[in-house]
Amino acid sequence: MNPTMLDSGMVRRKKEKKRPPWGIPKGIVLLATPEGWRTSVLTESGMLCGRLDVPTNTDPQEARSAAAVMVMELARDFHDTHVEVSWEPPQEPWSWTAQVTLAAESDSPSPDAEG
């Protein structure tokens, strides 16, 4: 498609936001390691793994909150949807899991969702 001509020159058309190849988040695994906090985000179509961008000595509750915010922002920014994060009681020390569910439309996401 050709760009549109305006008064002072050429203007590019705004590209439509393309959905990423991964699906909506369904769960989170958060691990404290000597190298730092690690996350695995389970989605409808796979898993995204990486380092959580918080200092190594971050309190576990703060790390869970940061992981929840990260997942809520991923869902909002890439899928135009709001999700809620519910942390489960830990089964092992330094390891947490959470369920991620679609939020009711009337609810707004809460960054303090840490369970």
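Residues numbered from 1 in each chain as written. Predicted model: local features only at pLDDT ≥ 70, side-chain atom pairs only at ≥ 80, totals over all residues. Heavy atoms only, no water.

Turning next to the side chain of Thr81. Here Thr81 is to be found in the loop between helix H1 (60-79) and strand E6 (83-87). Owing to a relative accessible area of 15%, Thr81 belongs among the buried residues under this scheme. Excluding anything up to four places from it in sequence, Thr81 contacts Ile24, Ala75, Arg76 and Leu102. (Helix = DSSP H or I, 4+ residues; strand = E, 2+ residues; numbered from the N terminus. Buried < 20%, exposed > 50% of the residue type's maximum accessible area, 1.4 Å probe, protein only. Contact = heavy atoms within 4.5 Å.)

By the bridge criterion, 8 bridges tie strand E3 (residues 25-33) to strand E4 (residues 36-43) in an arrangement that is antiparallel. Counterpart to Gly27 in the pairing with E4 is Leu42. Examined bridge by bridge, E3 and strand E7 (residues 95-102) share 5 bridges and lie antiparallel to one another. By the bridge assignment, Gly27 is partnered in E7 with Gln99. (Pairing = 2+ DSSP bridges.)

Our next topic: the pattern of salt bridges. Overall, the coordinates contain 2 salt bridges when judged by the stated rule. Across the pair Lys26 and Glu44 runs a salt bridge whose closest N-O atoms are separated by 3.8 Å. One end of the pair, Lys26, is in strand E3; the other, Glu44, is in the loop between E4 and strand E5 (46-51), with 18 residues separating them in the sequence. Asp77 serves as the salt-bridge partner of Arg76, at 2.9 Å between the closest nitrogen and oxygen. When its relative accessible area of 39% is taken as the criterion, Arg76 is described as partly exposed. (Salt bridge = Lys/Arg side-chain N within 4 Å of Asp/Glu carboxyl O.)

Quick look at unusual backbone geometry now. A positive phi angle, close to 50 degrees, is found at Asp80, a residue other than glycine. With respect to the secondary-structure elements, Asp80 resides in the loop between H1 and E6. Classification of Asp80 by relative accessible area gives exposed; the value is 59%. Within the chain, Trp94 stands out as a residue other than glycine whose phi angle is a positive 65 degrees. Residue placement: Trp94 occurs in the loop between E6 and E7.

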